[in-house]
Amino acid sequence: RSLVVVHFWAPWAPQCAQMNEVMAALAKEHTQVTFVQLEAEAVPEVSEKYGISSVPTFLFFKNSQKVDRLDGAHAPELTKKVQRHISGTSLSSSSSDSAKEDLNARLKKLINAAPCMLFMKGSPKEPRCGFSKQMVEILNKHGVSFSSFDIFSDEEVRQGLKTYSNWPTYPQLYVNGELIGGLDIIKELEASGELDTICPKAQKLEDRLKSLINKAPVMLFMKGNKQMAKCGFSKQIIEIMNNTGVDYETFDILEDEEVRQGLKTFSNWPTYPQLYVKGELVGGLDIVKELKESGELLPVLKGEN
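Residues numbered from 1 in each chain as written. Predicted model: local features only at pLDDT ≥ 70, side-chain atom pairs only at ≥ 80, totals over all residues. Heavy atoms only, no water.

Chemist: Please explain the sheet that holds strand β4 (residues 65-71) as it appears in this structure.
Modeler: Strand pairing in a sheet relies on backbone hydrogen bonds, with the paired strands running either antiparallel or parallel. With mixed pairing, four strands are arranged side by side in an open sheet as β2-β1-β3-β4. Of all strands in the sheet, those with a lone pairing partner are β2 (34-39) and β4, marking the two edges. Ignoring which end each strand starts from, the neighbouring axes of this sheet average 20 degrees apart. Bridging between strand β1 (residues 3-9) and strand β3 (residues 57-62) involves six bridges; their strand directions are antiparallel. Across the sheet, residue F8 finds its bridge partner in β3, namely T57. In this fold helix α3 (residues 75-87) packs onto β1, β2, β3 and β4, with an angle of close to 160 degrees to the strand it touches most, β4. (Pairing = 2+ DSSP bridges. Helix = DSSP H or I, 4+ residues; strand = E, 2+ residues; numbered from the N terminus. Axes fitted to C-alpha atoms, helices over the stretch in contact; angles between N-to-C directions. Contact = heavy atoms within 4.5 Å.)

The structure is reproduced here in structure tokens:
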């Protein structure tokens, strides 16, 4: 069959159950489409290969090629994407225009996702072309703070951004939502000394981690946030914390790969969630459970112990 929609889901996330119902309704309506459910944490290799960092996430395949993705529980958007891919090129001009508007809004959001955004092939840790590799090396050499987007992960963004910015190649660097240019331009700016004045400087990672750990008296680093945990362990720790009545702040490590990896080394603690009180690591879910059972959790959270 031409179109396959794969839902990466988790049994602990209620929003996934809702989206499974939406998929069931779409399956009845579009019998020519294959809908598949995959439990994300049960297939870690597959989830990692396709960059699944939260649930629900939907991937769209045509003729075994990934053509699109949707992150989050957006029923109208899922319906729209399914219809768009079924129609293929036979879109009416009005729906084509609205699809273009949707894409432009998405591109604008991505470009403004960080003060300095790099659209590249691969990731800063694993660039997948020589130009992207050189670009990352220059930015790192100058201590530039930047986020990145892998254009291989989304064909719609890859093609759409070329038209949107009228720039035909990758990598592309944006600062404050404005296109700076590709590798040649960045090399010229580096040679003239202008690069340091244009791009925001990175705060040293260690300083940044210390600042985040001390952002609130009780800080929880987790997958997701208070409102929506994105893994079973994070969900359990949130439930325990909420029952204590103690105020706490959270940081979603899925939103920041640098913090996610850096904090493991900084604290010498390899997993998440991680709980800190007054800048000191308390531990992960198991430690918090032990403290709760022994009656020590409340004094620890209040900094009395």
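And the narrative resumes.
Chemist: Just to check I follow, could you spell out unusual backbone geometry for this structure?
Modeler: Note on backbone geometry: most residues besides glycine have negative phi, and most peptide bonds are trans. Here the bond from V55 into P56 is cis, since omega is -5 degrees, no more than 30 degrees from zero. When you line up the elements, P56 lands in the loop between α2 (44-49) and β3. In this chain, Y272 is followed by P273 through a cis amide linkage whose omega measures 5 degrees. A positive phi angle, near 55 degrees, is found at N268, a position not held by glycine. Relative to the elements of secondary structure, N268 occurs in the loop between α11 (257-267) and β11 (274-277). Judged by its relative accessible area of 68%, N268 falls in the exposed class. With phi around 50 degrees, K278 is a residue other than glycine that occupies positive phi space. (Buried < 20%, exposed > 50% of the residue type's maximum accessible area, 1.4 Å probe, protein only.)

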